[in-house]
Amino acid sequence: MFQIRSYPPSQSSSSSSFATHNTPSPLQQHPRQPRSSSTVIIERRNQRERVRVRAVNEAFARLRQMVPATRSAAKRVSKVKTLKRAAEYIGVLQRRLTVMARGQDKL
């Protein structure tokens, strides 16, 4: 049938007395194991990557505000479309400057 185990008072917890193995409950605190140097390196690398991605995303957000074709979009424009539209806008501005420079030369 069932085997009844008695535990010393320090190990008794909310677990049933019918338990057949001694597993800690999820609520018990386990001592934190020291992190290895490789774990620390990975955590630092991940943190640097998060900071880098955040900076890139902020730069794209600023670029979207500067390019008229992406400023008023109801849905956020992708990074690729933002870059394409920014390149097109730069081309438009360059052509305007060229036309304006030719107009200045005629005076």
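Fair warning: this is a prediction, and the values are worked out from it, not measured in the lab.

Student: For this particular structure, what's the right way to read the overall build of the protein?
Tutor: Check the secondary structure of the protein and you find three helices and zero strands. In the protein, which comprises 107 residues, the proportion classed as buried is 9%. Just so you have it, the protein exposes about 9800 Å², and 57% of that area is on carbon and sulfur atoms.

Student: Which parts of the structure should I look at to understand the pattern of salt bridges?
Tutor: Within the structure shown, the criterion is met by one salt bridge. Across the pair Arg52 and Glu49 runs a salt bridge whose closest N-O atoms are separated by 2.8 Å. Within this pair, Arg52 and its partner Glu49 are both found in helix 1 (residues 37-66), separated by three residues, close to a single helical turn. Among the residues examined, Arg52 registers a relative accessible area of 45% and is labelled partly exposed.

Student: Help me understand the side chain of Thr70, please; the structure alone is not making it clear to me.
Tutor: Relative to the assigned elements, Thr70 resides in helix 2 (residues 68-71). Owing to a relative accessible area of 5%, Thr70 belongs among the buried residues under this scheme. In terms of polar contacts, Thr70 uses its side chain to reach the backbone carbonyl oxygen of Arg64, at 2.8 Å. Sequence-distant contacts of Thr70, defined by excluding residues within four places in its chain, comprise Leu63, Arg64, Val77, Thr82 and Arg85.

Student: What's the story with the confidence of the model for the protein in this structure? I'm lost.
Tutor: Averaged over all residues, the pLDDT of the protein is 81; the fraction at 70 or higher stands at 69%. Confidence scores differ between elements of the protein, with helix 2 showing the lowest mean pLDDT of 85 and helix 1 the highest of 96. Of the regions scoring below 50 in pLDDT, residues 11-17 engages in six contacts with residues more than four places distant in sequence or in other chains.

Rules behind the numbers
Chains are numbered independently. Their residues run from 1 in the order of the written sequence. The predicted origin of the model limits local features to residues at a pLDDT of at least 70 and limits the giving and counting of side-chain atom pairs to 80 or more, whereas totals for whole chains, interfaces and linings rest on all residues. Only hydrogens and water are removed before side-chain values are computed, so all heavy atoms of the structure are retained for them. Each helix is a run of DSSP H or I of at least 4 residues and each strand a run of E of at least 2, with the numbering of both proceeding from the N terminus. Summary of the burial criterion: residues with accessible area below 20% of their type's maximum are buried, those above 50% are exposed, and those between are partly exposed, where the area comes from a 1.4 Å probe applied to protein chains only. For every accessible area listed, the method is Shrake-Rupley and the probe measures 1.4 Å; residues are considered covered only by the protein chains on display. Each reported salt bridge corresponds to a side-chain nitrogen of Lys or Arg within 4 Å of a carboxyl oxygen of Asp or Glu. Within 3.5 Å is the distance limit for a polar contact, defined as a pair of N or O atoms, with the added protein rule that one can donate a hydrogen and the other accept it, and that residues adjacent in sequence qualify only through two side-chain atoms. Note on contacts: a residue pair is in contact if any heavy atoms of the two residues lie within 4.5 Å. Each residue carries a pLDDT score, the predictor's confidence in it, ranging from 0 to 100.

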